[in-house]
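# Structure at a glance
Listed below, chain by chain, are the residues.
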Amino acid sequence: MPKRTDISSILVIGSGPIVIGQACEFDYSGTQACRVLREEGIRVILVNSNPATIMTDPEFADATYVEPITPEFVEKVIAKERPDALLATLGGQTALNAAIALDKAGTLEKYGVELIGASVEAIEKGENREIFKRIVEGLPKEWGAEVARSVICHTMDECLAGVDQLGGYPVVVRPSFTMGGSGSGLAYDEEDLHRIAGSGLALSPTTEVLLEESILGWKEYELEVMRDTADNVVIVCSIENFDPVGVHTGDSITVAPALTLTDVEYQRLRDISLGVIREVGVDTGGCNIQFAVNPENGRIVVIEMNPRVSRSSALASKATGFPIAKIAAKVAIGYTLDEIPNDITRETPASFEPTLDYVVVKVPRFAFEKFPAADSTLTTHMKSVGEAMAIGRSFTEALQKALRSLERPGAEFDWSKEWVELDKASLLEEIRRPHDGRLKKVMDAIRAGATPDEIFEATSIDPWFVDQLALINEVATELIEAPELSPALLRRAKRHGFSDAQLGRIRGMSADVVRGVRHALGVRPVYKTVDTCAAEFEARTPYHYSSYDEETEVEPRETPAVLVLGSGPNRIGQGIEFDYSCVHAVQALSGVGYETVMVNCNPETVSTDYDTADRLYFEPLTLEDVLEVVHAEQQAGPVAGVIVQLGGQTPLGLAAGLEAAGVPIVGTQPSAIDLAEERGAFGQVLDAAGLVAPRSGMATTFEHARQIADEIGYPVLVRPSYVLGGRGMEIVYDEQTLEEYISRATEITPERPVLVDRFLDDAIEIDVDALFDGEELFLGGVMEHIEEAGVHSGDSACALPPITLGGLEVDRIREATEAIARGVGVRGLVNIQFALSSDILYVIEANPRASRTVPFVSKATATPLAKAAARIMLGESIADLRAEGLLPTGRDGGRLPDDAPIAVKEAVMPFNRFRTYEGTYVDTLLGPEMRSTGEVMGFDTTFGTAFAKSQAGAQNGLPTSGKVFVSVANRDKRHMIFPIKRLADLGFEILATSGTAVVLARNGVQATVIRKLHETPLPGQEPSTIVDKIREQDVDLIINTPHGISAGTNARMDGYEIRTAAVAEGIPCITTVQGLAAAVQGIEALLEQRVGVRSLQDWAARVTAS
Amino acid sequence: MTQTHEAGSSRRPAPGTPAVLVLEDGRTFRGESFGAQGTTIAEIVFATGMTGYQETLTDPSYRGQIVVMTAPHIGNTGVNDEDFESRRVWVDGYVVRDPSRVRSSWRSNRSLDDLLTEQGVVGISAVDTRALTRHLRERGSMRAAISSEPQHVEGSLDALVALVNEAPSMEGSSFLDDVTTPEPYVVPAVGERRFTVAAVDLGIKGMTPRRLAERGIEVHVLPASSTIDDVLAVGADGKGPDGVFMSNGPGDPATADHVVGVLREVLERRIPYFGICLGNQMLGRALGRGTYKLKYGHRGINQPVQDRTTGKVEITSQNHGFAVDAPLDGTFETPYGDAHVTHVGLNDQVVEGVALVDGPAFSVQYHPEAAAGPHDAAYLFDRFVQLMTDHAPDHAKVTD
């Protein structure tokens, strides 16, 4: 069946901010969908609040709305654009939930919008556990499909009865209609049940949880399925979880294809998948189905299905070369699979099942170090913040490549620990609990002599995988014992994925020496191709991975190549924003005649779509792996250079090593990168320009740190040198805390000094992104932080143009930026953080690379900074780019028209994903350590409206009426009075703690006194505490600023329970007075109903016109 | 726990015994011996299925072929007693990249290595199977040798290449006598017997009679050398079978003149006919069409085929090196009335099924019985049942 002719415009809903469980894989899928639909001549209207996405680049849609993905805002877009259809299956659970809400509210019917991809009925069949259960049970008996025995509960009493029905604990608790397994968990006893099911009932939009029998320890599989309107169905990929059932698939190590099933068992899973997708009725698009298989007898339990494209779909697409989202978009508009060509072979159709002649391993990346109080046990509730994927010709090769792709010190297997230190019994005990780092402990247990049976008994990891680990250990043992590193042994080790660094650690040499030996012996990787068909047909798409095999498939070329190094697995502080810049570089350079070569290992991204760059190498971003790719490409043809400044700290950290190996780095040179990061040298640059930095010092011992702090005065900001995302950074107010910090949070040595900076309280923090070509500066944008200095810039909301800075300040900032860029030797992008305190402009730090805010600034000012940067790196000037029209003439991001819209960036925090060992949420306070996972943009003519939109997009929108609870620290009481008074005037009921209430009363604001958790009730006072009120959802907005002086101390704990209860209940909670002021402006805007929607294309036309 | 580990004893020493693989065009690969040691010479082909090695190895159609598995890890689930497609392993050589050291499956009772060794199948591992596959894709299937014997492994491989070039080629080869059953046997119908079918064993897989029997068919499996009289002798009361089936099998279909002759007799009598694989080529030939050798064949379980009568695409299991030469569009004349191509391979537009337009005969080139592979095409067995129902003499008509 060809394309439908009755659809000429489609509304695509994206997935909003990056959160745990829903990351940039939906930018990948959404970008593919938008591209395909536009190619088909369809008018594409897009709603996505996340500015850091490629899909929200204006060229990917006809009308791009960076607006909150809430039914209210999406309805405004529908009313304005009147699309024929809505495609919501590519934007994760967020888009699906929005679509269902719009359907339920009658909006789709009112405007005559058809839901394509999956009908509401199909979505409900897939997601409603009771209906889904009936579907599975209705499949032919001989397929053997079962569901875990379960009961649906709506109250805690029903839960208690349900456990009895299932035959007792443990039971799995799953709330209905939440994303990424949010709120689910395993209850071993009644206390667990109260905790998990209690919050699950609250989290579920339908107040429904499911209790089911435990299938812990079973083998877990996922099948990616695709169906078209003619009922043709194919399995795109099978995925096997290394970690058995009990660990969320997002947190599990996963492998494609499935490796431990016979054809008989695999075909049963396939039959069931086909039966389920047909019965659920996902008639045009993809879905995934998860299975558990009992290793004792093969009993199959269908765990769940997602009637939409998922994180696993992105992984499966990258793993197979079958672009699920792209094909899903095509079948959604009527094509059948046999009418769609396979991009990679070009000659064969998409109506086939990819077959792999390699092994793909995905490993999760966690961020528990950011949440020291959080329980690191892996459960059915996803906690990882990113993932790395690796491809090898064997499991061992792929696994070891994947581990080094994580770029974490200690992620690789390590044999340097002495045998005697390994205690088998305690290791076997430790590996019973699935947690971040368990894999390495399994390896240690094998080294300590644990048998495969013992490992299986402790972990239920399939014996085949256990043997593969044993095989790696055997190779390591050979390496340890061999008198010399023979060519045969070296080759064998490389075939099993050992890195030069690992080999070096085992053999007591540096990685450089191993590399030298290896090259001298001619032991180098070859590059194979991901081709969907195991070489049965010729591949037209150069999507490569390395392997120590015989034959390479890299084609020679004439055109000079530019290699762009990506940013690796997502982590807090380095995520989609950097991928965005990399993709832009590729687009810009392909456009001016270079052959672009992307190197990255993150399966979630747009950069690792084989359609993005001319060539894709799916490889770890380590010096070894990158040098080999460079070598392979140099063999293939001329290489103009390597771009290291767009992928964040990951490629930047490789710059010096690449340069030392003779690789041409384009743009800012490694020496300049060092200059910006090295305190002394950077200080000289500032001195020469007459700029100041907060007083600071670098300490190599605690005593030294104490002296510095005394000299410059408390409070001080302390942190380890060379970090991204503020890791290990704290504000310290006194000597005792300083001592605690040094002993607790960091290692201090002459090689790893600790930086001690004067902390500027009450300063306005300013972030700048700029381009410099050696001659001219282009100020990309000046962002003013809404939170005060001390909150990490990544977690702070900010506004562009700066809302309280005048032209003179911006000019000072421009001059300072230019002086620094020139002094450091920037060619390309630079990001500088300033603090304005008592009218003194302090330089906090300068990063000679693309920053997290490049996409935000680019969207807000309609200027493609990363594209311009890439071309500047290759030698073009800002003047050239202005002449061509890529950069605007006569203005820059610091000189925006007076009526330019205001963009507000708000961070999205993952606090609701993490629990402490006691089962409560981790604290939500903002600090110098970055903890946000994503961001949204609010865009409008005034700050208040833009801020209100940013709040609606981030998580919990601002209320326009109801109760506001206020409890602020003494130092904030003065600043709180006016905004709270304003809220009272706007009709809010004010609740406050006694101290705050007294201050408010003196200023003429009546507040109801609510007791804190630990206060005894006063006579006549209502007995419920503020925490009770929050739990009862009897509060609409919470303002709670920390009383304490430093994170981790008891004084701060005061508001802890208030803030965590707010997280649990989803009530907006503001923790700074600056945030309060902004919120008041936002609420005013909402009350005045000034909040409309407008596409980026419209805004850009307006900015360009003026 | 039912998993089995073979700690110690069966672990192969590393590196293993050297082995070589040489192709008739002189390309060589060095690897390690896997399975039995020795030397084998045969046509080399690649198979792309990621699961189902046990079924593949025991599929008689692979007689006379060295099989290269494109999936790198082979042997992970060991070998069990249920998944044999015939009484033995048929491949003449086996090429894999990474054989498994252990087996992980609750159904497994021995390792693949043991099975191959016991059955004398010479194999090689640790070769770049992708490079080999690409070579075969570009140059076509050809003759090859695997050897782990010192006189071939050590020193020049020229002598082995010469030996390969002296071996007979697949074109013109027949292996039917090797693979067919020496004696007829009966697979009883599951439940009530509705039909009796004579199934000519050209290398039949165990799953095929099972799929027929599940549908109430009593299957009389006959040797390939059976005559039309043998076929007609099947069935109650000497009235002949309700239908005739011809199976898959190895070798060049152009050599199977006897079988084609028997099939023509069947068609003359308008007895319902269903053929699979070689059975499709037999129908093609009986209808007057030729067969030809594909460059590198179709061997995999992911092959898209379109049923031209419904437009639907099925994902099929395939294993064929030859194909029927017939016009894709329209009909063609045959002595038994007009015939047409009913199924087409979407990857390369190869004929995957033919049928008489108005007569009771159809066949497909691929494997609806799967094993290994997807079950999408299982409906063809129902179509056979329907055909027998529609063309049944009165006495055989189903009464329910």
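Residues numbered from 1 in each chain as written. Chains lettered and ligands numbered in written order. Predicted model: local features only at pLDDT ≥ 70, side-chain atom pairs only at ≥ 80, totals over all residues.

Bringing the overall build of chain A into the picture now. Secondary structure assignment for chain A yields 39 helices and 40 strands. In terms of overall dimensions, chain A is globule-like: its C-alpha atoms have a radius of gyration of 28 Å, near the 32 Å expected for 1106 residues. Per-residue burial for chain A yields a buried fraction of 61% across its 1106 residues. (Helix = DSSP H or I, 4+ residues; strand = E, 2+ residues; numbered from the N terminus. Rg over C-alpha atoms; globule rule 2.2 N^0.38 Å. Buried ≥ 20, exposed ≤ 12 C-beta atoms within 10 Å, placed from the backbone.)

In this section: the overall build of chain B. On a plain count of helices and strands, chain B comes out with 11 helices and 20 strands. Taken over C-alpha atoms, the radius of gyration comes to 22 Å for chain B, in line with the 21 Å a tight globule of 400 residues would show. When the backbone C-alpha atoms are referred to their principal axes, chain B occupies close to 70 × 50 × 40 Å. Across the 400 residues in chain B, those meeting the buried criterion constitute 59%. For chain B, the proportion of contacts with a sequence separation of at least 24, taken over those separated by at least 6, is 75%. (Contact = placed C-beta atoms within 7 Å.)

All names here are of chain A. By the element assignment, T804 lies in the loop between β31 (798-800) and α28 (807-824). T804 sits in the exposed class, given 10 other C-beta atoms within 10 Å. Note: C-alpha distance between T804 and L675 (129 residues apart in sequence) is 32 Å.

Quick look at the interface of chain A and chain B now. Listed as interface residues are 51 residues of chain A and, on the opposing side, 48 residues of chain B. Looking at the side of chain A that touches chain B, the elements that each hand over two or more residues are α9 (263-280), α15 (452-459) and α16 (463-481) of chain A. Among the elements that make up the side of chain A that touches chain B, the one with the highest residue count is α9(A) (six residues). Across the side of chain A that touches chain B, the residue classes tally to 23 nonpolar, 11 polar and 17 charged. (Nonpolar A, V, L, I, M, F, W, Y, C, P; charged D, E, K, R; others polar.)

Now for α9(A). Every α-helix winds through 3.6 residues per turn, so residues three or four apart in the chain are directed the same way. For α9(A), built from 18 residues, the straight-helix expectation of 26 Å at 1.5 Å per residue is met to within 8% by its first-to-last C-alpha distance of 25 Å. Extensive coverage of α9(A) is indicated by the burial of 16 of its 18 residues. (Expected span 1.5 Å × (residues − 1).)

Here helix α17 (residues 487-495) of chain A has its buried residues at L490(A), A493(A), K494(A) and R495(A). Contact partners of the buried residues in α17(A): α12 (395-405), α16, α18 (500-507) and α19 (511-520) of chain A.

A few words now on the sheet that holds strand β22 (residues 615-618) of chain A. Residue and element names in this part refer to chain A. A sheet is described by the order of its strands in space; here seven strands give the open sequence β18-β19-β22-β21-β20-β23-β24, paired in mixed fashion. Both edges of this open sheet fall to β18 (526-529) and β24 (665-666), since each of them pairs with a single strand only. By the bridge criterion, two bridges tie strand β23 (residues 639-643) to β24 in an arrangement that is parallel. Of the residues in β24, the one forming a bridge with I643 is V666. (Pairing = 2+ DSSP bridges.)

Residues and elements named next belong to chain A. One can describe the packing of helix α7 (residues 156-165) onto helix α8 (residues 190-203) by two numbers: an axis separation of 10 Å at closest approach and a directional angle of 130 degrees. Relative to α8, the element α7 lies oblique. In terms of crossing hand, the pair formed by α7 and α8 is right-handed. Contacts between α7 and α8 involve M156, C159 and V163 from the first element and L193, H194, A197 and G198 from the second. For the contact of α7 with α8, a count of residues per class yields five nonpolar, two polar and no charged. (Axes fitted to C-alpha atoms, helices over the stretch in contact; angles between N-to-C directions. Parallel < 35°, antiparallel > 145°, perpendicular 65-115°, else oblique. Left-handed = near helix turned anticlockwise from the far one by under 90°.)

Bringing the sheet that holds strand β8 (residues 122-125) of chain B into the picture now. Residues and elements named next belong to chain B. Ordered by their spatial adjacency, seven strands build a closed barrel running β1-β2-β8-β6-β4-β3-β9, and the pairing between neighbours is mixed. On average, each strand axis in the sheet is tilted by 35 degrees relative to the strand beside it, whichever way the strands run. With four bridges joining them, strand β2 (residues 28-35) and β8 adopt antiparallel strand pairing. Looking at β8, one finds that E32 is bridged to S125.

Glancing now at the nonpolar core. Side chains of a nonpolar character, in soluble globular proteins, are inclined to be buried together. Ranked by internal contacts, the top residues of the largest apolar core, which has 463 residues, are V361(A), L563(A), V564(A), I643(A), I990(A) and V95(B). Here V361(A) is in contact with I253(A), V255(A), A390(A), F395(A), A398(A), L399(A) and A402(A), once residues within four sequence places are set aside. Grouped together as the second largest cluster of nonpolar side chains are 14 residues, V163(A), V173(A), A187(A) and L193(A) included. (Core = buried A, V, L, I, M, F, W, Y, C linked by C-beta atoms within 7 Å.)

Take the confidence of the model for chain A next. Residue-level pLDDT values for chain A average 91, and 96% of them are 70 or greater. Segment residues 1045-1052 of chain A is flagged for pLDDT under 50; beyond a separation of four residues in sequence, or across chains, it makes 18 contacts in the model. (pLDDT = per-residue confidence, 0-100.)

Our focus in this paragraph is the pairing of strand β16 (residues 359-365) of chain A. Residue and element names in this part refer to chain A. Where burial is concerned, most of β16 is hidden: seven out of the seven residues are buried. With burial as the criterion, each face of β16 is covered, one bearing V359, V361, V363 and R365 and the other bearing V360, K362 and P364. With three bridges joining them, strand β13 (residues 254-256) and β16 adopt antiparallel strand pairing. By the bridge assignment for β16, V255 is matched with V361. Strand direction decides the pairing type here: β16 and strand β17 (residues 386-392), joined by seven bridges, are antiparallel. Opposite P364, over in β17, you have E387 as the bridge partner.

A separate point is the confidence of the model for chain B. Residues and elements named next belong to chain B. Residues of chain B with pLDDT of at least 70 account for 94%, and the chain-wide mean is 93. Low pLDDT, under 50, characterises residues 1-14; the predicted model gives this stretch 21 contacts beyond four residues in sequence or across chains. The low-confidence segment residues 394-400, where pLDDT is below 50, has six contacts with residues more than four positions distant or belonging to other chains.

In this fold, T51(B) is placed in the loop between β3 (39-47) and α1 (53-57). Separated by 193 residues in sequence, T51(B) and V244(B) place their C-alpha atoms 31 Å apart.

All names here are of chain B. Relative to the assigned elements, G75 resides in the loop between β5 (73-74) and β6 (93-95). The class of G75 is buried, set by 26 C-beta atoms lying within 10 Å. Sequence separation between G75 and V96 is 21 residues; the distance between their C-alpha atoms is 9.6 Å. For G75, the contacting residues outside a window of four places in its chain are P99, S100, R103, S111, L112 and D113.

Take unusual backbone geometry next. Residue and element names in this part refer to chain A. In this structure, the amide linkage connecting Y169 to the following residue, P170, adopts the cis form with an omega of -5 degrees. Following the sequence through the fold, P170 ends up in the loop between α7 and β8 (171-175). Residue R346 is not a glycine yet carries a positive backbone phi of 65 degrees. Turning to its location among the elements, R346 is positioned in the loop between α11 (324-332) and β16. Take R346: there are 12 C-beta atoms within 10 Å of it, and that puts it in the exposed class. Despite not being glycine, D839 shows a phi value in the positive range, around 65 degrees.

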